[in-house]
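The primary structure of each chain is shown beneath.
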Amino acid sequence: HYGGLLDPDDYLFHPIHITVDEGHGGHVGEFAERYLDTEEKRRSARAAYFAGAEATRRCWDAYEGASW
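Residues numbered from 1 in each chain as written. Predicted model: local features only at pLDDT ≥ 70, side-chain atom pairs only at ≥ 80, totals over all residues. Heavy atoms only, no water.

Draft legend 1. Structural context of the pattern of salt bridges. Inspection of the entire model under this criterion finds seven salt bridges. Arg 58 is paired through a salt bridge with Glu 54; the nearest N and O atoms lie 2.8 Å apart. With Arg 58 and Glu 54 both in helix α3 (residues 39-62), this residue pair falls four residues apart, about one helical turn. Between Arg 57 and Asp 61 there is a salt bridge whose closest N-O contact spans 2.4 Å. Pair noted here: Arg 57 and Asp 61 are both in helix α3, with a separation of four residues, about one helical turn. Judged by its relative accessible area of 39%, Asp 61 falls in the partly exposed class. Taken together, the shared-partner salt bridges in this structure form one network comprising Glu 39, Arg 42, Arg 43 and Arg 46. (Salt bridge = Lys/Arg side-chain N within 4 Å of Asp/Glu carboxyl O. Helix = DSSP H or I, 4+ residues; strand = E, 2+ residues; numbered from the N terminus. Buried < 20%, exposed > 50% of the residue type's maximum accessible area, 1.4 Å probe, protein only.)

Draft legend 2. Focus on the packing of aromatic side chains. Scanning all chains against the criterion turns up two aromatic pairs. Ring centres of Phe 31 and Tyr 35 lie 5.0 Å apart, and the angle between their planes is 45 degrees; this geometry places the pair in the tilted category. Taken together, the residues span about one helical turn, with Phe 31 and Tyr 35 both in helix α2 (residues 28-35) at a distance of four residues. You can call Tyr 35 partly exposed: its relative accessible area is 42%. Judged by centre distance (5.3 Å) and plane angle (75 degrees), the ring pair of Tyr 49 and Phe 50 falls under edge-to-face. In this structure Tyr 49 comes out as exposed when scored by relative accessible area, which is 57%. In this structure Phe 50 comes out as exposed when scored by relative accessible area, which is 54%. (Phe/Tyr/Trp six-rings, centres within 6.5 Å; stacked < 30°, edge-to-face > 60°.)

Written out as structure tokens, the structure is:
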């Protein structure tokens, strides 16, 4: 998504960001087992996840053809 927008030095951010994301996401399964203990909670969490994914997709789609 960032082609042509960033200089090579700007890419230094991404490995750090990925490492931190992996660290934060490493316990998602444990979190889900502990707090999503009913089918209603699991359905709600799935709906929230898919709504967020759709919002992200629409955000990136809005940049198509944009010039900087």
